[in-house]
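Reading the structure
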Amino acid sequence: MEETNGTISPVGSLTHRISYLPSFSSIVIETKDGTIAVASAFPGQQEAVRDRDHKFLTRAVEEAYKGVECGHGGPFGAVVVRDDEVVVSCHNMVLNNTDPSAHAEVTAIREACKKLNRIELSDCEIYASCEPCPMCFGAIHLSRLKRLVYGANAEAAIAIGFDDFIADALRGTGFYQKAHLEIIKADGTGAVIAEQVFEKTREKFTLY
Ligand SMILES: [Zn+2]
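So, how was this worked out
- Residues numbered from 1 in each chain as written.
- Predicted model: local features only at pLDDT ≥ 70, side-chain atom pairs only at ≥ 80, totals over all residues.
- Helix = DSSP H or I, 4+ residues; strand = E, 2+ residues; numbered from the N terminus.
- Contact = placed C-beta atoms within 7 Å.
- Axes fitted to C-alpha atoms, helices over the stretch in contact; angles between N-to-C directions.
- Parallel < 35°, antiparallel > 145°, perpendicular 65-115°, else oblique.
- Left-handed = near helix turned anticlockwise from the far one by under 90°.
- Nonpolar A, V, L, I, M, F, W, Y, C, P; charged D, E, K, R; others polar.
- Core = buried A, V, L, I, M, F, W, Y, C linked by C-beta atoms within 7 Å.
- Buried ≥ 20, exposed ≤ 12 C-beta atoms within 10 Å, placed from the backbone.
- Arc of directions from axis to C-beta.
- pLDDT = per-residue confidence, 0-100.
- Expected span 1.5 Å × (residues − 1).
- Pairing = 2+ DSSP bridges.

Looking at an unreviewed UniProt entry, the chain carries the name CMP/dCMP-type deaminase domain-containing protein, with the source organism given as Acer yangbiense.

In structure tokens, the structure reads:
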């Protein structure tokens, strides 16, 4: 399956969207019902979405730092948001829980489901400091989260020694094509602060 990457920035937007539609060579916005819109939202509206995304992504990045400071695990954070409220804000708990599956996103999904007392999160969004790995992307898919916003590219984590399987989740797999969620990759400041996490914490944790 072909995948396209690119940027839409009619108003210098923070994010670009990744299209998984093979027939499109440029970036489009695909809404949940499958209709296609080319970056035509009102500039004011786009800006509001960008600011909102930046706010919650920053929170996920803060969690990534917090997790390392606490010695809980690797430098990854994730936040589940419903409407404009943070449901849970979590970080990687692999070391703390002695659990290789306790990635930030999985932890956030588990905690959000517990908190909301249900097994689907279709009215929620997830903000992740880094591009989700296949396991986390699977959990995002299974929990029916409606939207994913992530900060750093998987390469930023791979560059400091994390397993390169991370990049497999969103690229070149059938999984991605099946997922009915909106996926946003942060650009600009959002991407920068998310990628800085790795270099700034590198000396503070041990790779596992
Ligand atoms: Zn993961």
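**Notes on the overall build of the chain**
When helices and strands are tallied, the chain shows seven helices and eight strands. Long-range pairs, those at least 24 residues apart, make up 58% of the contacts in the chain between residues at least 6 apart in sequence.

**Structural notes on the packing of helix α3 (residues 104–116) against helix α4 (residues 134–142)**
α4 packs onto α3 with a crossing angle of 25 degrees between their chain directions and a minimal axis gap of 8 Å. Between α3 and α4, the crossing angle belongs to the class labelled roughly parallel. Viewed along their axes, α3 and α4 form a crossing whose handedness is left-handed. For the pair α3 and α4, the contacting residues are Glu-105, Val-106 and Ile-109 in the first and Met-135, Cys-136, Ala-139 and Ile-140 in the second. For the contact of α3 with α4, the per-class residue count stands at six nonpolar, no polar and one charged.

**Re the nonpolar core**
Membership of the largest hydrophobic core comes to 45 residues, with the highest contact counts inside it found for Ala-108 and Ile-126. Beyond its immediate stretch of four places on either side in the chain, Ile-126 contacts Ala-78, Val-80, Glu-105, Ala-108, Ile-140, Leu-145 and Leu-148.

**What to know about α4**
If you check which residues of α4 are buried, you get Cys-136, Phe-137, Ala-139 and Ile-140. For α4, the angular spread of the buried residues around the axis is 160 degrees, confining them to a single face. Trailing α4 by a residue or two, Arg-144 shows a phi angle of about 60 degrees, which is positive.

**Considering unusual backbone geometry**
Although it is not a glycine, Asp-83 sits at a positive phi angle of roughly 55 degrees. Position of Asp-83 relative to the elements: it lies in the loop between β4 (77–82) and β5 (85–91). A count of 8 C-beta atoms within 10 Å places Asp-83 in the exposed class. Phi is positive for Arg-144, close to 60 degrees, though the residue is something other than glycine. Topologically, Arg-144 is positioned in the loop between α4 and β7 (147–152).

**Thoughts on the confidence of the model for the chain**
Of all residues in the chain, 75% attain a pLDDT of 70 or more, and the chain-wide mean is 81. Between residues 1–40, whose pLDDT stays under 50, and residues either more than four places distant or in other chains, the model counts 71 contacts.

**Focus: the packing of helix α1 (residues 43–69) against helix α7 (residues 188–201)**
Between α1 and α7, whose axes approach to 10 Å, the crossing angle comes to 5 degrees. Comparing the axis directions of α1 and α7 gives the class roughly parallel. Packed against α1, whose contacting residues are His-54, Leu-57, Thr-58, Val-61, Ala-64, Tyr-65 and Val-68, the element α7 presents Thr-189, Gly-190, Ile-193, Ala-194, Val-197 and Thr-201 at the interface. A breakdown of the residues in the contact of α1 with α7 according to their chemical character gives eight nonpolar, five polar and no charged.

**As for α1**
Along an α-helix, a turn takes 3.6 residues, which lines up residues three or four apart on a common side. For α1, which comprises 27 residues, the first-to-last C-alpha distance of 39 Å matches the rise-based estimate of 39 Å (1.5 Å per residue) to within 8%. Taken together, the buried positions of α1 are occupied by Gln-46, Arg-50, Asp-53, His-54, Leu-57, Thr-58, Ala-60, Val-61, Glu-63, Ala-64, Gly-67 and Val-68. The first or second residue beyond α1 is Gly-71, which carries a positive phi of 75 degrees.

**Thoughts on the pairing of β4**
Where burial is concerned, most of β4 is hidden: five out of the six residues are buried. The pairing of β4 with β5 spans six bridges and is classified as antiparallel. Opposite Val-80, over in β5, you have Val-88 as the bridge partner. Taken together, β4 and the strand that follows it, β5, pair antiparallel across an intervening segment of two residues, in which Asp-83 is found at a positive phi of about 55 degrees. Looking at chain direction, β4 and strand β6 (residues 124–130) are connected through five bridges and run antiparallel. Across the sheet, residue Val-79 finds its bridge partner in β6, namely Tyr-127.

**Focus on the environment of Asp-123**
Mapped onto the elements of the fold, Asp-123 is located in the loop between α3 and β6. A sequence separation of 41 residues divides Asp-123 from Arg-82, and the C-alpha atoms of the two residues are 6.3 Å apart. Those residues in contact with Asp-123, other than ones at most four positions away along the chain, are Arg-82 and Lys-146.

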